[in-house]
Amino acid sequence: MASLTAPQPPPTWQHTVEEVERLANEALEKNKKVSDDIVKLPEDKLDFDNLALANAEAELDITLEPLSFYQNVSTNKELRDASTKAEERSRKFANQESMREDLYKAKVTAEQNLRKTGVLETLSAEQKRLVEKMLLDGKRAGLALEKKEDKEKLKGLKDELSDACLKFTQNFNEENGRITFTHEELDGVPEDVISGYTKRTEGDKVFYEVTFKTPDIFPIFKYANSPKTRQTAHETYEARLAINVEHLNTALRLRKQIAEILQYDSWADYITEVKMVKSAAKAKEFLDDLKRNLDPLGKKELEILLALKKEDHAKRGLPADDNLYIWDYRYYDRLYVELNLNLDDSLVKEYFPVSVVVPAILGIYQNLLGVKFVEVKGDARDVWHSEVQQFAVWEKDAKGESDFVGYCYLDLFPRDGKYSHAAVWGLFPGYELSNGKRHYPLTAMVANLAKPTPERPALMRHDDVTTFFHEMGHVFHGLLSRTRYARFHGTAVARDFVEAPSQMLENWCWEPEVLKKMSSHYKTQEPLSDDLIVKIIKSRYVNVGLFYLRQLFFANFDLLVHNNSLDVDTDYTKLWNELRQEISLVKGGEYQPGQGTFGHIVGGYDAGYYGYTFSLVFAADMYATVFKKDPLDPKLGKLYRDKILLVGGSRDDMDSLKDFLGREPNPKAFINEIEQGEVATAHL
């Protein structure tokens, strides 16, 4: 393995502000020239080869994606700003190119020529899919519209929409607010968490500054004994991106106008046309059916948590309260688990040091999927931050260049200016070059795990472990796909299917054998005991009704604001708060503009958040049918790799599912999972 040399060098991450601007402009100009040359061809010379703009689009992405990525990870504010501007230019260019009538006409003519000559029938399934999708792109872009003024207006609206979404995302990434508490106000929060907060002194008082990053703020929601502390933390957290309200309002208004011009009933109908669900009405029907299944369970769980709160308030001499508020939910959910299962999340965390979990998860994936991660170190290492790990990925028994898979980067710890959640970026696609060789993929995972404290190494909650396992699923979807065209590579599947593979893989984090492999107490190096493992597994379905009802709130808000049933002057802050209480069942306090924190709505999941629960149905079916009998069996891993990962979006996702399952998918496994939610009383 050490003597192997990758056939494709990794990119550099040493760009200057000036280089980001220059390279982006050069790439856009180069891509435009390809299109310009194609439209100059005589009509009878337009065929599949001329139609295949796909590789030119891939080459553009290979330059632009890394440059646009800096806005999410760089510590240099000027570089982040240049990166954002590069993406802004890229989006506007894409909008302009998507509206080129001459290019659309060339594609339509090429398709007609292919039909006339009979060549269309000789194309592979993936080639035919490319032709079909490229023509559909034109229709969805408005190029089939008859009025020139409609097309011109559409161009302007798309540019405005791109600007609004970019401003929202930039604010989301740049957010660096803090909230201050005294040690007394933080009573109940684990000391190892408090020791990680920035401390400042004013006179004889000591204050702790808490950021809104997950490792800082979530322990307050879960552990702070003071309801006032939790309420203050939550309301400030919800309002942290009030600046985004106007950008979201703008985006929603523009999407409505675009859908009208394109002659769709709503933006939701426009978006779902190319999804597995096929229409907004079917997406709403799915959410309503699921809510009917979840409501009875959620109401029982609410009664139990409210009774626990009343008992807790009486015991501690706090005022009686007949409501369970959103800032109570995580606190009493955690307390319920501790009392009902005698399971302490802080204790479980001690068994998951980052230094153990990350290599263990990589090892599990490598064995399951037959690949090998080789860390790039020394002079060959080139990363955007010193904490980032760089890997070359090879087939397990690699013997030569043809066994190279691609590159992977892991950026796991929080810092100022960095993307604040967990996500994977497919920065390079894999595809077939015109000379018959391949271009290899590159994926990067960005996360925000807790950093080491003076007392302890970096530790992960079980939730963090599950999230990491999930995101690594996206990494491998990007690495192990092998399509002819970049357009269909990896996670380029329907948005309401893209989460299913990773959601399926979360199941490994609830399997005893896997939990043993991933755990090692940071002091004793002992794995989780059998008793603790049983408790962890039981906790999976505790309050599952309330958990999924919260997901349904996000999904329903997303669908509702993207259909045409609301007035143009709708108060979205009021809608956000009222809908959350109605669907998730827990009460809120003073209305806060939480919709300004809903990054999915401008990040590609607009009218698509339903997909998280929609894809869970497929995920549960895939796991129960194939993997449940032996989750670590490499033979089953190969089946998954061949039937799901390999094909990417080169065929209809339903065909991939049926091929993997050996039958049509069904919701039985998911319903069975929900019904495992046990509701038991708990007492202090």
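Residues numbered from 1 in each chain as written. Predicted model: local features only at pLDDT ≥ 70, side-chain atom pairs only at ≥ 80, totals over all residues. Heavy atoms only, no water.

Outline the sheet that holds strand β7 (residues 423-428), listing residues and values.
Read from one edge of the open sheet, 5 strands run β4-β5-β6-β10-β7, paired in mixed fashion. With partners counted over all chains shown, the strands left at the sheet margins are β4 (371-375) and β7, one partner each. In this sheet, adjacent strand axes meet at a mean angle of 25° when their direction is disregarded. The sheet contact formed by β4 and strand β5 (residues 389-395) spans 5 bridges and is antiparallel. Residue Glu375 lies in a different strand from β5, and its bridge partner there is Phe391. Each of β6 (404-411), β7 and β10 (442-446) touches helix α3 (residues 54-73); the most contacted strand, β7, lies at about 150° to it. Docked against the sheet, helix α17 (residues 462-480) engages β4, β5, β6, β7 and β10, running at close to 150° with respect to β6. (Pairing = 2+ DSSP bridges. Helix = DSSP H or I, 4+ residues; strand = E, 2+ residues; numbered from the N terminus. Axes fitted to C-alpha atoms, helices over the stretch in contact; angles between N-to-C directions. Contact = heavy atoms within 4.5 Å.)

I'd love a proper account of the packing of helix α1 (residues 17-39) against α3, names of residues and values included.
Running from N to C, α1 and α3 point in directions that differ by 160°, and their axes come no closer than 10 Å. Looking at the two axes, α1 sits roughly antiparallel to α3. The two elements α1 and α3 meet at a crossing, and its hand is left-handed. Where α1 abuts α3, its residues Val20, Leu23, Ala24, Ala27, Leu28, Lys30, Asn31 and Val34 lie against Ala56, Glu57, Glu59, Leu60, Thr63, Leu64, Leu67 and Tyr70. In the contact of α1 with α3, the residues fall into 11 nonpolar, 2 polar and 3 charged. (Parallel < 35°, antiparallel > 145°, perpendicular 65-115°, else oblique. Left-handed = near helix turned anticlockwise from the far one by under 90°. Nonpolar A, V, L, I, M, F, W, Y, C, P; charged D, E, K, R; others polar.)

Which residues make up the packing of α3 against helix α4 (residues 77-98), and what are the values?
In contact at an axis separation of 6 Å, α3 and α4 are set at 140° when each is read in the N-to-C sense. Judged by the angle between their axes, α3 and α4 are oblique. Crossing handedness for the pair α3 and α4: left-handed. Seen from α3, the contacting residues are Leu60, Leu64, Leu67, Ser68, Phe69, Tyr70 and Gln71; seen from α4, they are Leu79, Arg80, Ser83, Thr84, Ala86, Glu87, Ser90 and Phe93. Broken down by class, the residue content of the contact of α3 with α4 amounts to 8 nonpolar, 5 polar and 2 charged.

Talk me through the nonpolar core; I want residue IDs and the actual numbers.
As a rule of thumb, soluble globular proteins bury nonpolar side chains together. Leu410, Met472, Trp508, Met518, Phe627 and Tyr640 are the most contacted members of the largest nonpolar core, which has 189 residues in total. Trp508 has contacts with Ile364, Leu368, Phe469, Val514, Tyr623, Phe627, Pro631 and Leu632, leaving out every residue within four places of it along the chain. Residues Ile194, Tyr223, Ala233 and Tyr237 belong to the second largest nonpolar core, which totals 18 residues. (Core = buried A, V, L, I, M, F, W, Y, C linked by side-chain atoms within 4.5 Å. Buried < 20%, exposed > 50% of the residue type's maximum accessible area, 1.4 Å probe, protein only.)

Describe unusual backbone geometry, listing the residues and the values that go with them.
A positive phi is found at Gln525, a non-glycine position, where the angle reads about 65°. On the secondary structure map, Gln525 appears in the loop between α19 (512-518) and α20 (530-539). Not every positive phi belongs to a glycine, and Ala607 is a case in point at roughly 55°. Among the structural elements, Ala607 can be located in the loop between α22 (572-584) and α23 (610-627).

So, α3: which residues are in play, and what are the values?
Given 3.6 residues per turn, any residue in an α-helix points the same way as the ones three and four places further on. With 20 residues, α3 extends 28 Å between its outermost C-alpha atoms, agreeing within 8% with the 28 Å of an ideal straight helix rising 1.5 Å per residue. The largest bend in α3 comes to about 30°, at Leu64, with the proline Pro66 one to four residues further on. Across the 20 residues that make up α3, a large majority, 15, are buried. (Expected span 1.5 Å × (residues − 1). Bend = angle between axes of the 7 residues up to and from the residue.)

Could you give me a rundown of the packing of aromatic side chains, with the residues and numbers involved?
Applying the stated criterion across every chain, the model contains 48 aromatic pairs. Both rings, one in Phe404 and one in Tyr440, keep their centres 5.1 Å apart while their planes meet at 70°; by these two values the pair is edge-to-face. Separated by 36 residues along the polypeptide, Phe404 in strand β6 and Tyr440 in the loop between β9 (438-439) and β10 bring together distant segments of the chain. This pair shows no difference in class: Phe404 is buried, exactly as Tyr440 is. Plain terms: the ring middles of Trp576 and Phe598 are 5.7 Å apart, the flat faces sit at 55° to each other, and that makes the pair tilted. Residue Trp576 is found in helix α22, and its partner Phe598 is found in the loop between α22 and α23; the two are separated by 22 residues along the sequence. Here the two residues Trp576 and Phe598 agree in accessibility, since each one is buried. The rings of Trp13, Phe69, Tyr70, Phe172, Trp384, Tyr409, Tyr419 and Trp425 are connected pair by pair, giving a single aromatic cluster. (Phe/Tyr/Trp six-rings, centres within 6.5 Å; stacked < 30°, edge-to-face > 60°.)

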